Amino acid sequence: MDLYQALQGRRSIRKYKPDPIPADLLEKVLDAARMAPSWKNLQCWKFIVVQDPARKEQLAESLPAANPALKAVREQAPVVIALCADPQQSGIQDGKEYYLLDAGLAMLQLMLAAYAEGLGTCWVCWFDEAKARAVLQVPDRYRVVGLTPLGVPEHAPSPRPRQELEEIVYMEEWGRPYKK
Ligand SMILES: Cc1cc2nc3c(=O)[nH]c(=O)nc-3n(C[C@H](O)[C@H](O)[C@H](O)COP(=O)(O)O)c2cc1C
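In what follows, the accompanying structure is described. By convention here, each chain's residues receive numbers from 1 onward along its written sequence. Since the coordinates come from a predicted model, pLDDT governs what is reported: local features require at least 70, and pairs of side-chain atoms require 80 or more to be given and counted, while whole-chain, interface and lining totals use all residues.

## Focus: the overall build of the protein chain
We count a stretch as a helix when DSSP gives it H or I for four or more residues in a row; a strand needs E for two or more, and each element gets its number in order from the N terminus. The secondary structure content of the protein chain amounts to seven helices and six strands. Atoms counted for the radius of gyration: C-alpha only. Globule rule: 2.2 Å times residue count to the power 0.38. The C-alpha atoms of the protein chain give a radius of gyration of 17 Å, which matches the 16 Å a tight globule of 180 residues would have. Seen through its C-alpha atoms, the protein chain measures out along the principal axes to roughly 55 × 40 × 35 Å. Burial status across the protein chain gives 32% buried among its 180 residues. Residues are defined as contacting one another if the C-beta atoms placed from their backbone atoms lie within 7 Å. Of the contacts made within the protein chain by residues no fewer than 6 positions apart, 77% connect residues no fewer than 24 positions apart. Counting other C-beta atoms within 10 Å of a residue's own tells you its class, since 20 or more makes it buried, 12 or fewer makes it exposed, and anything in between is partly exposed; those C-beta atoms are placed from the backbone.

Dropping the structure here:
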């Protein structure tokens, strides 16, 4: 799939078919995440692949009832991937903690690769980290940055709105309007 097609076509998927994901395909999308850029190439991330239905259910208990991705994590998606990152294995510059950025880039690469393979994902960050940490046995030095269900989409959501380029791009300096 063309990269731009993936960038335009990817959606957050919150309804999944129960179809299992072949191990080779799972490895392919994990490998896409592995190739992400990171602060000083320190690759501060770890991925936990959760497939056991009982553990997925326990993990889902870390999501509030109002989280629209709850059902996907709890019972629909055959796989849930938890993304963890070690802040000490990344950098802090002017108070900006780059482990979050490193982890986010890895997750985005995974999501785009999944989309290119016909699979759905949905970033999930609205969860109780302490609960997720306990369920997944994550060591204290790692933060649980996010989760994503992974599976065959059961729906094709329409695109969510995005700001226009004119609203978010300046030319040369802050406030100078964008021109093509
Ligand atoms: C950092 C981050 C956290 C998110 N957390 C959640 C979440 O907890 N639950 C959920 O349903 N969607 C979550 N989303 C998905 C966003 O709602 C979604 O990306 C946004 O509405 C745009 O829709 P799209 O991904 O289909 O383009 C999250 C996205 C990001 C980037």
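Moving on, there is more to tell.
## Some remarks on helix 5 (residues 98-116)
To estimate the expected span of a helix, subtract one from its residue number and multiply by 1.5 Å. With 19 residues, helix 5 ought to run about 27 Å at 1.5 Å a step, and its terminal C-alpha atoms sit 27 Å apart, in line with that. Inspection of helix 5 places Tyr98, Tyr99, Asp102, Ala103, Ala106, Met107, Leu110, Met111, Leu112, Ala113, Ala114 and Tyr115 among the buried residues, and these make up the whole buried set. Looking at the residues trailing helix 5, positive phi occurs at Gly118, about 80°.

## Structural notes on unusual backbone geometry
Look at Asp94: it is not a glycine, yet its phi comes out positive at around 50°. Relative to the helices and strands, Asp94 resides in the loop between strand 3 (92-93) and strand 4 (96-97). Using a count of 4 C-beta atoms within 10 Å as the deciding quantity, one classes Asp94 as exposed. A positive phi angle, near 60°, is found at Gln137, a position not held by glycine. With respect to the helices, strands and loops of the structure, Gln137 is situated in the loop between helix 6 (129-136) and strand 6 (143-151).

## Thoughts on the site of the ligand
Nearness is defined per residue: the C-beta atom, placed using the backbone, must lie within 6 Å of the molecule or strand. Residues in close proximity to the ligand include Arg11, Ser12, Arg14, Asn67, Pro68, Ala69, Cys122, Trp123, Val124, Cys125, Trp126 and Arg160, which together make up its full environment. Only Asp, Glu, Lys and Arg are considered charged in this grouping, and only Ala, Val, Leu, Ile, Met, Phe, Trp, Tyr, Cys and Pro are considered nonpolar; every other residue, Gly among them, is considered polar. Of the residues assigned to the shell around the ligand, the class counts are seven nonpolar, two polar and three charged.

## Topic: the nonpolar core
Connectivity within a nonpolar core runs through C-beta atoms within 7 Å, and the core itself is a set of buried Ala, Val, Leu, Ile, Met, Phe, Trp, Tyr and Cys residues. Val73, Val80, Ala82, Leu83 and Ala85 are the most contacted members of the largest nonpolar core, which has 45 residues in total. Contributing elements (two or more residues each) for this core: helix 2 (23-34), strand 1 (45-50), helix 3 (53-60), helix 4 (70-76), strand 2 (79-85), helix 5, helix 6 and strand 6. The greatest single-element share of this core, amounting to 11 residues, is contributed by helix 5. Those residues in contact with Ala82, other than ones at most four positions away along the chain, are Ile48, Val50, Ala132, Leu136, Val144 and Leu147.

## Some remarks on the sheet that holds strand 5 (residues 120-121)
The pairing of strands in a sheet comes from backbone hydrogen bonds and takes either a parallel or an antiparallel form. Pairing between strands requires that DSSP locate at least two bridges from one strand to the other. The strand order 1-2-6-5 describes an open sheet built from four strands, whose pairing is antiparallel. Looking at strand neighbours, the two that pair on one side only are strand 1 and strand 5, the edges of this open sheet. As paired elements, strand 1 and strand 2 share six bridges and run antiparallel to each other. When the bridges of strand 2 are listed, Trp45 appears paired with Ala85. An axis is simply a line fitted to the C-alpha atoms; with a helix, the fit covers only the stretch in contact. Between two such axes, the angle follows the N-to-C directions and lies from 0 to 180 degrees. In the packing of helix 6 onto the sheet, contacts are made with strand 1, strand 2 and strand 6, and the angle to strand 6 comes to roughly 70°.

## Thoughts on the pairing of strand 6
Most of strand 6 sits out of view: eight of its nine residues are buried. Bridge count between strand 2 and strand 6: seven bridges; the pairing is antiparallel. The partner of Ala85 across the bridge, within strand 6, is Arg143. Here strand 5 runs beside strand 6; their pairing, made up of two bridges, is antiparallel. Within the sheet, the bridge partner assigned to Thr121 lies in strand 6 and is Leu150.

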